[in-house]
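Descriptive structure summary
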Amino acid sequence: MTVFDRLFADSTLSQLQEKDARDPLAHKRAEFKLPEDAVYLDGNSLGALPLSVPARLARVAEEEWGSQLIRSWTANDSASVGAAAAQDWMNLPDRVAAKIAPLIGAQAHEVAVGDSTSVNIFKLLSAALHMAPPQRRVILTEADNFPTDLYMAQGLNALLGGRYELRTVPGAELEANLTDDVALTLLTEVDYRTGRKLDLASLTAKAHERGILTIWDLAHSAGAFPVDLNGTGADFAVGCGYKFLNGGPGAPSFMFVAERHHGSAPAFLSGWMGHADPFEMAREFSPAPGARRYVVGTPMVLSLSALDAALDVFADVDMAQLRAKSLSLTDTFIELMEPLAAQYPLTLMTPRNHVQRGSQVSYQHPQARAVMRQLIMRGILGDFRTPDILRFGFTPLYHSHADVWRAVQGIRKVLEGGETA
Ligand SMILES: Cc1ncc(COP(=O)(O)O)c(C=O)c1O
Ligand SMILES: Nc1c(O)cccc1C(=O)C[C@H](N)C(=O)O
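I will try to describe carefully the structure that is included in this document. (Residues numbered from 1 in each chain as written. Chains lettered and ligands numbered in written order. Predicted model: local features only at pLDDT ≥ 70, side-chain atom pairs only at ≥ 80, totals over all residues. Heavy atoms only, no water.)

Moving on, we get to the sheet that holds strand β14 (residues 383–385). Pairing is antiparallel in the open sheet, where four strands are placed in the order β11-β12-β15-β14. With one partner strand each, in any of the chains shown, β11 (347–348) and β14 form the two edges of the open sheet. In this structure, β14 lies alongside strand β15 (residues 389–393), joined through three bridges in antiparallel fashion. When the bridges of β15 are listed, Asp383 appears paired with Arg391. Along the sheet, helix α10 (residues 319–343) contacts β11, β12 (360–364) and β15; its crossing angle with β12, the most-contacted strand, is approximately 25°. (Pairing = 2+ DSSP bridges. Helix = DSSP H or I, 4+ residues; strand = E, 2+ residues; numbered from the N terminus. Contact = heavy atoms within 4.5 Å. Axes fitted to C-alpha atoms, helices over the stretch in contact; angles between N-to-C directions.)

In structure tokens:
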């Protein structure tokens, strides 16, 4: 039996199916709409649809918007007609924040939901730069950070007259660059290309020892594994609603501001929905208590409602079990891919070490773009990322070990077919 035969032997599949039979999260898969003829490995870009969402969206559109109209904004408002009218859209961002908070180790009043991740990065950068001592002129980030993080820092720095230096260093050199001139770090915990996970706790502690504020981008963390912002003493964080939180395309982002900074982190995008009393229509901005002050304009009710319903999927999920399953899925994938990596020009980019791994696995391949095109045609839905990366995201809420097996089988067929030039 060759390694390939062993890899695809029925016994391998049945061992994986036995693992699936013991999976405490196996029942969660039934809460999602997933393609039957494909293996969806892109939940780190767009999470799959939770089945509860379409009915919620229909209700919001038909009843809350269609029938109740303007009355849906406010509950318990005597000017709106009757208790039946009370949908309380005004507080929807806060209700969604309260569902995200336990997933990231935060208190509900430390989380604001709305706008895009990019915009929330701008809010956090502007607040943190304002708080940092003026002699600290460096924004420290990774050379390979997600582009929008870099762009937002570049744009804000231009607005501030180029006062700051955006220092981009390789991940391995971050610690050595936590120097006295650094105002803040802007780091993404899990690298979107390689899946490498930084040590959020240790880097936060070391930054604090040197008087540096930290902003964490949790785009590929929130909902993928437990995050403990309060336990690690993080200052600020931001993340996407549409990846592992499954809130749908363009879902609102969340941002976190530690309670201890509420008195000193200004909301420079000071819109009326972050005012303590929006309908007072006061002339001066007076911030709402807690993180609500970072909600800028009218809440995006349709997308907030989708995210609100999607988050209920997590209500009975033990996040430690989620992490264990994520690691088991990525371990299985790496293991099954080993004979293929030995035979074809595939280079594993994702760390084998669990503490340094998010919930995705990536390989470099010289024809990565063509390989991914073929894979997608075969129903193995991963991502190509420039310049030469094959990226496979694993969502422990809905993937099984048998899915991993199917995916590797598809990858083998594409590589063997050689139609990748
Ligand atoms: C690390 C990271 N930050 C931010 C974003 C996206 O920001 P936005 O939601 O503003 O498009 C992504 C993915 O799109 C990402 O991977
Ligand atoms: N946000 C996205 C979008 O609006 C369109 C297509 C892809 C995305 C993504 O999420 C990309 C993703 N952040 C990544 O890690 O590559």
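Next comes the rest of the description.
Take the site of ligand 2 next. Surrounding ligand 2, one finds Ser45, Phe146, Tyr192, His220, Tyr242, Lys243, Arg385 and Arg391. A distance of 3.0 Å is found between a nitrogen atom of ligand 2 and a side-chain nitrogen or oxygen belonging to Tyr242. Contacts to ligand 2 include Arg385, whose side-chain N or O atom sits 2.7 Å from an oxygen atom. Alone, ligand 2 offers 390 Å² of accessible surface; in the complex the protein occludes 59% of this. (Near = heavy atom within 4 Å. Polar contact = N/O pair within 3.5 Å; in protein donor to acceptor, adjacent residues only side chain to side chain. Areas by Shrake-Rupley, 256 points an atom, 1.4 Å probe, with all protein chains shown as cover.)

On to a nonpolar patch on the surface, then. Together, Leu57, Trp65, Leu69, Ile70 and Leu302 line one region of the surface with nonpolar side chains, adding up to about 510 Å² of accessible area. Owing to a relative accessible area of 48%, Leu69 belongs among the partly exposed residues under this scheme. (Patch = residues over 30% accessible without salt bridge, like charges linked within 9 Å, V, L, I, M, F, W, Y side chains within 5 Å. Salt bridge = Lys/Arg side-chain N within 4 Å of Asp/Glu carboxyl O. Buried < 20%, exposed > 50% of the residue type's maximum accessible area, 1.4 Å probe, protein only.)

Mapping Pro396 onto the fold places it in the loop between β15 and α12 (401–417). Counting along the chain gives 43 residues from Pro396 to Asn353, while the straight-line C-alpha distance between them is 18 Å. Discounting residues that sit within four places of it in the chain, Pro396 has contacts with Leu25, Ala224, Leu322, Lys325, Ser326, Leu329 and Ser359.

The strands that make up a sheet pair up through hydrogen bonds in the backbone, lying either parallel or antiparallel. Read across the open sheet, the seven strands follow the order β4-β10-β9-β8-β7-β5-β6; overall the sheet is mixed. Sheet topology places β4 (111–113) and β6 (165–169) at the edges, where each strand pairs with a single neighbour. Each strand axis lies, on average, 20° off the axis of its neighbour in the sheet, ignoring direction. Sheet topology note: the strand β5 (residues 138–142)/β6 ladder contains five bridges and is parallel. Across the sheet, residue Thr141 finds its bridge partner in β6, namely Thr168. The strands touched by helix α5 (residues 117–131) are β5, β7 (182–188), β8 (213–217), β9 (236–239) and β10 (254–257); relative to β9, the strand with the most contacts, the crossing angle is about 170°. Strands β7 and β8 of the sheet are contacted by helix α7 (residues 200–209), whose axis makes an angle of about 155° with β8.

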